[in-house]
Every structure is written in structure tokens, then in C-alpha cells.
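# A structural walkthrough
Here are the chains, one letter per residue:
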Amino acid sequence: MLQSETAQKTVHNTILPLTLTGAIAKIRGKTIVGPINLTIGPQGFTIVMGPNGSGKTTLLRLMHGLQRISGGTVTCGLPDAQARVRQSYVFQTPIMMRRIVVDSIAYPLRLRGVDKKTARTKATDWAERVGLGHALDRPAPVLSGGEKQKLSLARALISGPDILFLDEPCANLDGRATREIETILRQAQAEGTRLVMATHDMGQARRLASDVVFMYGGCVHETGPATAFFSGPTTPQAAAFISGDIVE
Amino acid sequence: MNEITQGLAEAGRLIFSLDPDLLEIVALSLRVTLSAVVIASAIGLPLGAWLVVNRFRFRRHTIAVLNALMGLPPVVVGLVVYMLLSRAGPFGVLDLLFTPTAMIIAQVIIITPLIASISHQTIRDLWAEYHDLLISLSATRRQRIAALLWDGRRALLTAMLAGFGRGIGEVGAIMIVGGNIDHSTRVLTTAISLETGKGNFAFAMGLGFVLIALAVLVNLTIHSLSRTERASVW
Ligand SMILES: Nc1ncnc2c1ncn2[C@@H]1O[C@H](COP(=O)(O)OP(=O)(O)OP(=O)(O)O)[C@@H](O)[C@H]1O
Ligand SMILES: [Mg+2]
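Before going into details, it helps to say that this report is about the structure given with it. Owing to the predicted nature of the structure, the values given are computational and were not obtained by experimental measurement.

### Thoughts on the overall build of chain B
- The helix and strand tally for chain B stands at 10 helices and zero strands.
- Beginning at the N terminus, the succession of helices and strands in chain B can be written as α-α-α-α-α-α-α-α-α-α.
- By residue count, 46% of the 234 residues in chain B fall in the buried class.
- Across chain B, the fraction of contacts at a sequence separation of at least 24, relative to all contacts at a separation of at least 6, is 74%.
- Averaged over its 18 positive side-chain charges, chain B has a centre that lies 14 Å from the centre of its 14 negative ones.

### A short note on the site of ligand 1
All names here are of chain A.
- Around ligand 1, the structure places 13 residues, and the nearest of them are Ile-32, Gly-53, Lys-56, Thr-57 and Thr-58.
- Between ligand 1 and the protein, one listed contact pairs an oxygen atom with a side-chain N or O atom of Lys-56 at 2.7 Å.
- Interatomic distance of 2.6 Å between a side-chain N/O atom of Thr-57 and an oxygen atom of ligand 1.
- Protein burial of ligand 1: of its 640 Å² of free accessible surface, 61% is covered by the chains.
- The element that contributes the greatest number of residues to the shell around ligand 1 is helix α2 (residues 56-64), accounting for three residues.
- Its residues assigned to classes, the shell around ligand 1 shows three nonpolar, eight polar and two charged.

### As for the coordination of the magnesium ion (ligand 2)
- Only A:Thr57 (OG1) and A:Gln92 (OE1) from the protein coordinate the magnesium ion (ligand 2), and they sit 1.9 to 2.4 Å from it. One end of the pair, A:Thr57, is in helix α2; the other, A:Gln92, is in the loop between β5 (87-90) and α4 (101-111), with 35 residues separating them in the sequence.

### A look at the interface of chain B and chain A
- In this assembly, 18 residues from chain B lie in contact with 23 residues from chain A.
- Both faces considered, chain B and chain A share a buried interface measuring about 1,900 Å² in area, 62% of it formed by carbon and sulfur atoms.
- Our count for the chain B to chain A interface comes out at three salt bridges.
- Residue A:Arg61 pairs with B:Asp132 through a salt bridge whose shortest N-O separation is 2.8 Å.

### Side note on the sheet that holds strand β8 (residues 211-216) of chain A
Residues and elements named next belong to chain A.
- Ordered in space as β5-β6-β7-β3-β8-β9, the six strands form an open sheet in which the pairing is mixed. Since the sheet does not close on itself, it has two edges, and those belong to β5 and β9 (219-225), each with one partner. Across the sheet, the mean angle separating the axes of adjacent strands is 15° when strand polarity is ignored.
- As paired elements, strand β6 (residues 163-167) and strand β7 (residues 194-198) share five bridges and run parallel to each other.

### What about the pattern of salt bridges?
Residue and element names in this part refer to chain A.
- Inspection of every chain in the model, using the stated rule, returns 12 salt bridges over all chains.
- The residue Arg-86 makes a salt bridge to Asp-162 at a minimum N-O spacing of 2.8 Å. You can see Arg-86 sitting in the loop between α3 (80-85) and β5 and its partner Asp-162 sitting in the loop between α6 (145-157) and β6, a full 76 residues away along the chain.
- Residue Asp-162 is classed as buried on the basis of its relative accessible area of 14%.

### Observations regarding the layout of surface pockets
- Of the volumes computed, that of the second largest pocket is approximately 420 Å³.
- In terms of lining residues, the second largest pocket is bounded by 20 residues, among which A:His64, A:Gly65, A:Leu66, A:Asp80 and A:Arg84 are the most central.
- Of all the elements in the fold, those that place two or more residues in the lining of the second largest pocket are α2, β4 (71-75) and α3 of chain A together with α5 (100-136) of chain B.
- A breakdown of the residues in the lining of the second largest pocket according to their chemical character gives 11 nonpolar, six polar and three charged.

### Focus: helix α4 (residues 74-85) of chain B
Residue and element names in this part refer to chain B.
- Under the 1.5 Å per step criterion, the end-to-end length of α4 is 16 Å for 12 residues, consistent within 8% with the ideal 16 Å.
- Where α4 is concerned, the buried positions are Val-77, Gly-78, Val-81 and Leu-85. All buried residues of α4 lie within an arc of 100° about the axis, which places them on one face of the element.
- The inward-facing, buried residues of α4 contact α5 and α8 (172-178).

### Examining the pairing of β8(A)
Residue and element names in this part refer to chain A.
- Among the six residues of β8, five are classified as buried, and the element is accordingly described as predominantly covered.
- Where strand β3 (residues 45-49) lies against β8, four bridges are found, and the strand directions are parallel. For Met-49, the partnering residue across the bridge sits in β8 and is Phe-214.
- In this sheet, β9 lies alongside β8 in antiparallel orientation, the contact comprising six bridges. Across the sheet, Phe-214 pairs through a bridge with Glu-222, a residue of β9.

### Some points on the sheet that holds strand β2 (residues 30-40) of chain A
Residues and elements named next belong to chain A.
- Read across the open sheet, the three strands follow the order β2-β1-β4; overall the sheet is antiparallel. Looking at which strands have only one partner, the edges of the open sheet turn out to be β2 and β4. Strand after strand, the sheet turns through a mean of 25° between neighbouring axes, direction not considered.
- Where strand β1 (residues 18-27) lies against β2, seven bridges are found, and the strand directions are antiparallel. From the neighbouring strand, Ile-27 faces β2, where its bridge partner is Lys-30.

Conventions adopted
- In this convention, every chain numbers its residues from 1, walking through the sequence in written order.
- Naming scheme: in the order in which they are written, chains are lettered from A and ligands are numbered from 1.
- Given that the model is predicted, a residue must reach a pLDDT of at least 70 before its local features are reported, and side-chain atom pairs must reach 80 or more before they are shown or counted; all residues, however, enter totals for whole chains, interfaces and linings.
- Note that water and hydrogens are dropped before the side-chain values are worked out from all heavy atoms of the structure.
- Numbering goes from the N terminus for both helices and strands, where a helix is a DSSP run of H or I of at least four residues and a strand is a run of E of at least two.
- Relative accessibility thresholds used throughout: buried, under 20% of the residue-type maximum; exposed, over 50%; partly exposed, between the two (1.4 Å probe, protein chains only).
- A contact between two residues is defined here by any heavy atoms of the two lying within 4.5 Å.
- Counting rule for charge: Lys and Arg are taken as positive, Asp and Glu as negative, and neither His nor the chain ends is counted.
- A charge is said to be at NZ when it belongs to Lys, at CZ for Arg, at CG for Asp and at CD for Glu.
- Distances are taken per atom, and a residue is near a molecule or strand as soon as one of its heavy atoms is within 4 Å of it.
- Polar contacts, as counted here, are pairs of nitrogen or oxygen atoms within 3.5 Å of one another; within protein the pair requires one atom able to donate a hydrogen and one able to accept it, and residues that are adjacent in sequence qualify only if both atoms are side-chain atoms.
- To be clear on the numbers: accessible area is Shrake-Rupley with a 1.4 Å probe, and residue cover counts the displayed protein chains and nothing else.
- Residue classes follow a fixed rule: Ala, Val, Leu, Ile, Met, Phe, Trp, Tyr, Cys and Pro count as nonpolar, while Asp, Glu, Lys and Arg count as charged, and any other residue, Gly among them, counts as polar.
- Donors, by definition, are the N, O and S atoms found within 2.8 Å of a metal, the threshold being 3.2 Å for Na, K and Ca, and water is not counted, so a site can look incomplete.
- When two components associate, each loses some accessible surface as probed by a 1.4 Å sphere; the sum of these losses over both components is called the buried area.
- Think of a salt bridge as a Lys or Arg side-chain nitrogen and an Asp or Glu carboxyl oxygen that are within 4 Å of each other.
- Between any two strands, at least two bridges found by DSSP are needed for them to pair.
- To get an axis, a line is fitted to the C-alpha atoms, and for a helix only the part in contact is used. The angle between two axes follows their N-to-C directions and goes from 0 to 180 degrees.
- We place a 1 Å grid over just the protein atoms. Points where a 1.4 Å probe fits but has no way out form a cavity, open points with protein on both sides within 12 Å along at least 5 of 7 lines form a pocket, and any residue with an atom within 4 Å of a point lines it.
- Grid points are joined across faces, edges and corners, and a volume is the space filled by probe spheres set on the points.
- Here the expected length of a helix is defined as 1.5 Å per residue gap, with one fewer gap than residues.
- The arc in question is traced by the directions running from the helix axis to the C-beta atoms.

Take a look at the structure:
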């Protein structure tokens, strides 16, 4: 009994692949996003791009389970209850708890029953990795916009998720901080975390993407490997978006 | 006007002579209301938070009823508790009528809706802020309530102080269930009521000023305690 259980665990060790089949998100009866057919495979760094209001945030929330699904399915390799704790999400607008930095970063571990001392030690490590080592005792709500985003990233990574969703995590960061974050994301990827990130920064997309999802009008307009997408987009909207033209 | 100045003088005399009767009355007032606030908070704060994080069929109605109960007339509460605790009542065997415990019970009933309702409003705002994060981190219902109560503790203190204010100045219910018995269930408000009835206006005024001073003192103490904890950013 025990043995077969262990064997099962190694087979379904991760929540990936994550598959959306005809997934639709409606808000007050209006379809915001979908129907979406998309598979997030076991490896890589997916970049979600598209103009403002094209549905990037809604798509990420749908995959993470924050947005209620109104049609179709989102399935993954683990039962729902287990899948939930293996994912993390970095919000477009950082959510700061009314706690000091170190306790904010430690919070996901505390929720999982890790004792205070261990959680704080790990949180201190993570704070230093994202460059918040100097601000451990500061109340999280008084951090600058960029610092809040760094805190969000540390808080999302501390639980060692299978998959991490990021919604424009570098929007408020300067060039140097952006590079630091990118380094951390690459490290997380090397350690086995699957990354799905929305961004408007074309340079960043080119640097990080292994594959691209181009959103347009609430649907996946074009998707494929990054090299192919950037060198030869197949739709005029994607081509215009890449070259920096205004997409109508 | 004359009676007010006399009242002030009387209050000064009572306080500075450390009148033993006065001290006894003040001590009982504090004991009854502080106990009631602690018990009402233990019920009302989690209840307020629970109503925020749970969606159920009659949620709106429950909240409306709770808000209405804030205005519960103390005299009626006193009457109901009296009937429940009297010899013939269902809890008569406990022999609690005309004891401080009966007064605490009555005040808990009066204060709990107030604390639950105010805390509900505070926590609702915090929940709107935390919602996505706590769902994303898959916090359990209990963990959500704990996070909201802990992070909202400063605002919740205000709810508790409001409860204290209502309890310490309340006379209708404790008069009925306590009976205003000298050296046993007499508190500041019932003593004031008694002295006024006897025509001892200056003495009643004196007690009144002591009551106000007590309320202010408790509020100041709690506020200074909570402020020294950390910077006042939230
Ligand atoms: N709660 C909501 N109620 C009504 N409409 C909504 C709601 N949330 C999103 N929308 C609409 O859905 C569309 C997609 O929004 P979404 O936030 O997913 O876009 P986005 O691609 O992330 O945009 P941005 O680049 O500006 O972040 C928008 O037109 C938006 O107005
Ligand atoms: Mg967005």
C-alpha cells in the first residue's frame, strides 16, 4: 500500500502539464477571456504578451484558479487540493500585509505549519536574495513600489512552487533591479520551477522567453516557441506588436 | 450650576480621600465591564471576521440583524436575563440572580453585537485588500480569520473600546439583574441613579465625574499601550 503510494507520487510529482480546454472567463455575463486552448508543458519560461486589456491578467488568474471558470476546463497533473499549494502568483499590484518585511515573506511557510524561527531564517535568506536584506524590520506597506514587487517575488518563491505566475513583476523596477529579478527567475527555473509571466517589456520577453502566448481581444491569438514568434510572427497583430506599432 | 461645581468638589473629595466605598464601587464597575468586554470580544471579533470570509445564504440578513442588535435596549436585555435567571426560570438553579456574574452576562449580550458589527466593517475592508493573496496562498478559513484579526488588531481595539464605553455607562440591565445591592452589586451607574433618586445631587454628580474620568483613563491607557508597540503606519 505504502509502496504504491510512493510510486504514484513520483509519477505525478508535479502539477504540470497544465491544460486549458475551451476555458472561458465571464464577468457579470460578459465573456472577458476565451475560449482558450493552451498547454503549459513541464518545462520552460512562457511569456504572455498583448496590448492593454487583451486579457493577460485574466488568463493568469484563470490558470491559477483565482478567476472562476465559466466554461471549459483547466486540468493539471494533481488533484485540486494538492495543486493549489504547489503554485504561486505575483500580482500586478502588489498586496502588502500589515506586517514587517521578514514576516510577510515568511507568511506562506507559516501557513504551511513551519515554525516561526525556521520560517524567519528562510525569509531572511530570501529577502537578501531579492535585495531587501536592509529592510527586514520595515513595515511592508511603507516600501517603495519596486521593493514591494521584490517582496512579492520572495514571498512567491519561498514555498518552492512547481509553477509561478507573474503579472508584470518588473513594471515598477529600474533597469538594474529588473536584471536582478531576471537572474532570480532564471535560478528558479534552473531549480525546476515552471514560469509563466505577463510583460510589456519586449527586451525582457526576448531575454527570458522559451515560448510566447500572444493575447489579443481576450483570446490566444498566436502561440509558439519564442524564436519563431520573434523572427516570424504569423499574424499581422503580433507583427505590429513586436515592431512597436499600435495594435488596433 | 451650583450643583455642578459642588459635584466637582465632591468628586475631588471622593478621589483624594480614597473613599473605601467608592473604591469598591469603581472596582466592581471595572470588573463587570472589563469581563464583559473580554468575553464579548472573544465571541464578537471572530464572529465579525467569520461573517466576512464566509458566503452563505442568509449572510446579508444576519449582518442586518447584527447591526440592529447594536441598538438593543439594555432594559429589555435586563428583563430577559432576569427571567432566565430567576428562581422560576430555566437557569434558576444556578442561583445567579443579583450577582456580578448576572451583570456580566447581561452586558455580554449588550456588547457582543456592537463589537461584532464594528469589527465586521473593519475586517471587510481588510479582506477586500487581502482577498486575492490569501486565496492564492490557499489559506484555510481559520487561517484567513486569524490573519485578518491579527493584522486588523489596531482597528479592532477601537471596536473593543466602543464596547467598553457602552458597558461602563450602562445602567438599565445591571440595575435589574444586579439589584444595586450595597457591597455586592452596586456599580457607579446604579449608585448615581440611587443618589439622584434620594436627592443627593452633588454626591451623584461626584460619582458621575469619577465615571467619566474612569472611561477616559481606560481609553488613554489602551491607546498608549497600542501605540508604543510600533510605528503608526497602519
Ligand atoms: N472585474 C472585472 N469587471 C469587468 N471587466 C473586467 C474585470 N476584470 C477585467 N475586466 C476586463 O477584461 C479585460 C481584460 O482585462 P485584463 O486585466 O485581463 O487585461 P490585461 O491584458 O491584463 O491588461 P493590462 O496590460 O492593462 O494589465 C479588460 O477589458 C478589462 O476591462
Ligand atoms: Mg494585466
